[in-house]
Amino acid sequence: MSYVDEVLERVKAKNASEPEFLQAVEEVLDSLRPVIDANEETYRREAILERLTEPDRQFKFRVPWVDDNGQVQVNTGYRIQFNNSIGPYKGGLRLHPSVNTGIIKFLGFEQIFKNSLTGLPIGGGKGGADFDPKGKSDREVMAFCQSFMTELCKYIGADVDVPAGDIGTGAREIGYMFGQYKKIKSVYEGVLTGKGLTYGGSLARTEATGYGLLYITEELMKCHGESMEGKTVVISGAGNVAIYAAQKAQQMGAKVVTCSDSTGWIYDPEGIDVALLKEVKEVKRARLTEYAAARPSAEYHEGRGVWSVKCDIALPCATQNELHLDDAKALVANGCKAVCEGANMPTTIDATKYLQENGVWFIGGKAANAGGVATSALEMTQNSERLSWTFEEVDSKLQQIMVNIYHTIDDAAKRYGQEGNYVMGANIAGFEKVANAMIAQGVC
Ligand code: NDP
Ligand code: 2IT
């Protein structure tokens, strides 16, 4: 049996109750076959794949907090430090009721390769809790965040592990967590990214994931003799990534006609009104029905459906496994040219294969959404030098990083005779740097 198959079997047997983690591992290991096969003896002797699929360490802890009725609530917190061969652990904190060990492990595993692709010195980690910020008062969110950080602060640090935002964790949550870290440790350091601008945050970090997604999408189009101008774009999600993806797509001359949240979706043939979407989601923290109520051109539909809308480009920006085989078929039938993932693992493996086999240019999340964590690394740099760069400076670095990522993954795919397979290119390029560093640093 090949080394890849051997490790895949072992990982499946060991993590049988973690389907998302298994999906992420299968996708990566499967596409690494050409590299592994070419160096099988070394990688097998070094147990590179076993070491890569086993986190350095995992923390799971109780998070007690008091709600507005005086009732004590208990959540489960997680931080998984996956791999620090090329830099301190780096990755977001997800606050969502669905969070469990398998979800944090899939996200932490993907973060290793994504962070490597940025070209910046950051390792892979992820964390979060099964806490639902929806419908909670600011005081309740603060109570949760303080309790969460009371435990988390034991394991993180500016040169150790630097968490950031993800689903359910935005500037408000990062602010409360930063305050608690500072209070307990008495250290003012860049231990979190995505901070507010008055206390060490970076300009353009809020926009970075969505903007970065469009910078790489634009480069993809350009390299195929196309542009964003006049293209119809469908986007899922209505959170941080989706909002700034829509904004940048429109700045590039495209028309974004959909967005969605966990209850329904919007079709707006005149183009999503980003200012209104920001007001509904960022300020009021309300449902998309409020967007539809304020916008005569918009239709609101319950459930899912954005992938059924005719488009040139599809950008899934909500959550994992939100674009299925049937959706991929609908996109292909409607003439969609490109799918680039703003979310982490939003496309199922069979849907990805279908899109690739039917000539759709597909860039996976490890490359396409790397602009967020890359800009987090730029925030760390600014914190280290105790300076703040202008918006334009950060944004132009982000743009350069995304263009570089496109060419890195394109070249890696070509090197292995798989031109246009950006999934394989991303996994290979991300892997090579980490594997080299691991081997150079010995068995640890
Ligand atoms: P937000 O919490 O800001 O927004 C998430 C959006 O997705 C919301 O509209 C939410 O709807 C929707 N959503 C979440 N879960 C589900 C679900 N189970 N079913 C349907 N819709 C859902 O998160 P982000 O925008 O930050 O993150 C979106 C994706 O991008 C995630 O996969 C995240 O891991 C990834 N990502 C984020 C980065 C960042 O910098 N923030 C960087 C790189 C990747 P509702 O409001 O109803 O819950
Ligand atoms: O998935 C991701 O890359 C993020 N949620 C951002 C991580 C970060 O450290 O900025």
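On a predicted model such as this, the values are computed, not experimentally measured, just so you know.

Enquirer: Would you mind showing me how to read the packing of helix α13 (residues 325-333) against helix α14 (residues 349-357) here?
Expert: In helix packing, the relevant descriptors are the interaxial angle and the interaxial distance, both defined with respect to the helix axes. At a minimum axis separation of 8 Å, α13 and α14 run at an interaxial angle of 20°. Between α13 and α14, the angle is such that the two are roughly parallel. In the packing of α13 onto α14, the handedness of the crossing is right-handed. In contact with Leu 325, Ala 328, Lys 329 and Val 332 of α13, α14 contributes Asp 350, Ala 351, Tyr 354 and Leu 355. Class assignment for the residues of the contact of α13 with α14 results in six nonpolar, no polar and two charged.

Enquirer: Even after reading the chapter, I still don't get the nonpolar core, so can you show me in this structure?
Expert: One recurring pattern in soluble globular proteins: nonpolar side chains tend to sit buried together. Formed by 104 residues in total, the largest nonpolar core has its most connected members in Phe 109, Ile 363 and Phe 431. Per-element tally for this core: the top contributor is helix α18 (residues 422-440), with ten residues. Apart from residues lying up to four places away in sequence, Phe 109 is in contact with Phe 21, Ala 24, Val 25, Val 28, Leu 29, Leu 52, Thr 53 and Phe 82. If you look at the next biggest cluster of nonpolar residues, it comprises 24 residues, including Phe 59, Ala 129, Cys 145 and Phe 148.

Enquirer: Explain the packing of aromatic side chains here, please?
Expert: The description of an aromatic ring pair uses the distance of the two centres, along with the angle that the planes make with each other. Under the definition given, this model contains 15 aromatic pairs. With a centroid separation of 5.9 Å and an interplanar angle of 85°, the aromatic rings of Phe 21 and Phe 109 are classed as edge-to-face. One end of the pair, Phe 21, is in helix α2 (residues 19-31); the other, Phe 109, is in helix α6 (residues 101-117), and 88 residues separate them in sequence. Residue class for Phe 109 comes out buried when judged on its relative accessible area of 0%. Measuring from ring centre to ring centre gives 5.6 Å for Phe 178 and Tyr 199, while their planes differ by 25°; the resulting arrangement is stacked. Here the residue Phe 178 occupies a position in helix α8 (residues 171-185), and Tyr 199 occupies one in the loop between α8 and α9 (205-223), the gap between them amounting to 21 residues. Taken together through their ring pairs, the aromatic side chains of Phe 61, Trp 65, Phe 131, Phe 144 and Phe 148 make up a single cluster. Lying over the aromatic face of Phe 21, Lys 105 brings its terminal NZ or CZ to 4.5 Å of the ring centre. The side chain of Lys 397 reaches across the aromatic face of Trp 389, ending 4.5 Å from its centre.

Enquirer: What's the story with the site of ligand 1 in this structure? I'm lost.
Expert: Around ligand 1 sit 26 residues in total, of which Asp 166, Thr 209, Ser 262, Arg 287 and Asn 344 are the nearest. Gly 168 places a polar main-chain atom, nitrogen or oxygen, 2.9 Å from an oxygen atom of ligand 1. In this structure, an oxygen atom belonging to ligand 1 sits 2.7 Å away from a side-chain N or O atom of Arg 287. A per-class count over the shell around ligand 1 returns six nonpolar, twelve polar and eight charged.

Enquirer: Just checking my understanding: could you explain the site of ligand 2 for this structure?
Expert: Around ligand 2, the structure places 14 residues, and the nearest of them are Lys 90, Gln 111, Lys 114, Asp 166 and Ser 376. The separation between an oxygen atom of ligand 2 and a polar side-chain atom of Lys 90 is 2.7 Å. Separating a nitrogen atom of ligand 2 from a backbone N or O atom of Gly 165 is a distance of 3.0 Å. For ligand 2, the accessible surface in isolation is 290 Å², of which the surrounding protein chains cover 94%. Grouping the amino acids of the shell around ligand 2 by side-chain chemistry returns two nonpolar, seven polar and five charged.

Enquirer: I tried to follow the pattern of salt bridges on my own but got confused; where do I start?
Expert: Proximity of charged atoms lets side chains of opposite charge pair with each other. Taken as a whole and judged by the stated rule, the model has 31 salt bridges. Where Arg 33 meets Asp 5, a salt bridge forms, and the shortest distance between an N and an O atom there is 2.9 Å. Of the two residues, Arg 33 sits in helix α3 (residues 33-38) while Asp 5 sits in helix α1 (residues 3-14), which places them 28 residues apart along the sequence. The partly exposed category is assigned to Arg 33, whose relative accessible area is 23%. Linking Arg 44 and Glu 40 is a salt bridge whose minimum nitrogen-to-oxygen distance equals 2.7 Å. Of this pair, Arg 44 and Glu 40 both sit in helix α4 (residues 40-45), four residues apart, roughly one helical turn.

Enquirer: Would you mind going over the sheet that holds strand β7 (residues 255-256) with me for this structure?
Expert: Within a sheet, each strand pairs with its neighbour through backbone hydrogen bonds, oriented either parallel or antiparallel. Pairing in this open sheet of five strands is parallel, and the strands run β7-β6-β11-β12-β13 from one edge to the other. Across the chains shown, the open sheet's two edge strands, defined by having one partner strand only, are β7 and β13 (361-363). Bridge count for strand β11 (residues 313-315) against strand β12 (residues 338-340) is two bridges, and the pairing is parallel. Following the sheet pairing, Ala 314 is matched in β12 by Val 339.

Reading the values: rules and limits
- Residues numbered from 1 in each chain as written.
- Chains lettered and ligands numbered in written order.
- Predicted model: local features only at pLDDT ≥ 70, side-chain atom pairs only at ≥ 80, totals over all residues.
- Heavy atoms only, no water.
- Axes fitted to C-alpha atoms, helices over the stretch in contact; angles between N-to-C directions.
- Helix = DSSP H or I, 4+ residues; strand = E, 2+ residues; numbered from the N terminus.
- Parallel < 35°, antiparallel > 145°, perpendicular 65-115°, else oblique.
- Left-handed = near helix turned anticlockwise from the far one by under 90°.
- Contact = heavy atoms within 4.5 Å.
- Nonpolar A, V, L, I, M, F, W, Y, C, P; charged D, E, K, R; others polar.
- Core = buried A, V, L, I, M, F, W, Y, C linked by side-chain atoms within 4.5 Å.
- Buried < 20%, exposed > 50% of the residue type's maximum accessible area, 1.4 Å probe, protein only.
- Phe/Tyr/Trp six-rings, centres within 6.5 Å; stacked < 30°, edge-to-face > 60°.
- Lys NZ or Arg CZ within 6 Å of the ring centre and 35° of its normal.
- Near = heavy atom within 4 Å.
- Polar contact = N/O pair within 3.5 Å; in protein donor to acceptor, adjacent residues only side chain to side chain.
- Areas by Shrake-Rupley, 256 points an atom, 1.4 Å probe, with all protein chains shown as cover.
- Salt bridge = Lys/Arg side-chain N within 4 Å of Asp/Glu carboxyl O.
- Pairing = 2+ DSSP bridges.

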